[in-house]
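Residue-level structural notes
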Amino acid sequence: MSLTVYATVPDEKSAETLAKDIVVSELGACCNFWPVRTIYSWEGKLKDDTEHIILIKTSKKKFEKLKKYIVKNHPYSMPAVVSFSWDDSHKPFKDWVNK
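**Examining the packing of helix H1 (residues 12-24) against helix H2 (residues 63-73)**
Between H1 and H2, the least distance of the axes is 11 Å, while the angle of their chain directions is 145°. Here the hand of the crossing between H1 and H2 comes out right-handed. Seen from H1, the contacting residues are Leu 18, Asp 21 and Ile 22; seen from H2, they are Leu 66, Tyr 69, Ile 70 and Asn 73. Here the residues of the contact of H1 with H2 sort into 5 nonpolar, 1 polar and 1 charged.

Listed below in structure tokens is the structure:
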């Protein structure tokens, strides 16, 4: 089964470092990242920040190792690590991700 994993980081440098390390270590086949504005509540205060979203294409069998890697190497104390399974996808791309 293929997954896209969603994570956020504080800046482009963190996104680039995490993405490269994930691909080099073969925990993900591909990563995309871009800047976003984020509004959220943290410790009782309304926050309005910029972050970078990272989308990581990987397989279900690699998810636990990927999640542990992100948590260990992430600058946030509680990083978002959320997976979305692929119900439908282009088979050649799915096969490449799952290798």
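Right, picking up where we left off after that structure.
**A look at the side chain of Asn 98**
Summarising the element assignment, Asn 98 is placed in helix H3 (residues 91-98). Sequence-distant contacts of Asn 98, defined by excluding residues within four places in its chain, comprise Met 1, Ser 2, Thr 58, Ser 59 and Lys 61.

**Looking at the side chain of Thr 58**
Examined against the element boundaries, Thr 58 turns out to sit in strand E3 (residues 45-59). For Thr 58, a relative accessible area of 1% corresponds to the buried category. At a separation of 2.6 Å, a polar atom in the side chain of Thr 58 contacts the main-chain carbonyl oxygen of Leu 27. Residues within four places of Thr 58 in sequence aside, it is in contact with Ser 2, Leu 3, Val 5, Leu 27, Gly 28, Leu 66, Val 97 and Asn 98.

What counts and what doesn't
Residues numbered from 1 in each chain as written. Predicted model: local features only at pLDDT ≥ 70, side-chain atom pairs only at ≥ 80, totals over all residues. Heavy atoms only, no water. Axes fitted to C-alpha atoms, helices over the stretch in contact; angles between N-to-C directions. Helix = DSSP H or I, 4+ residues; strand = E, 2+ residues; numbered from the N terminus. Left-handed = near helix turned anticlockwise from the far one by under 90°. Contact = heavy atoms within 4.5 Å. Nonpolar A, V, L, I, M, F, W, Y, C, P; charged D, E, K, R; others polar. Buried < 20%, exposed > 50% of the residue type's maximum accessible area, 1.4 Å probe, protein only. Polar contact = N/O pair within 3.5 Å; in protein donor to acceptor, adjacent residues only side chain to side chain.

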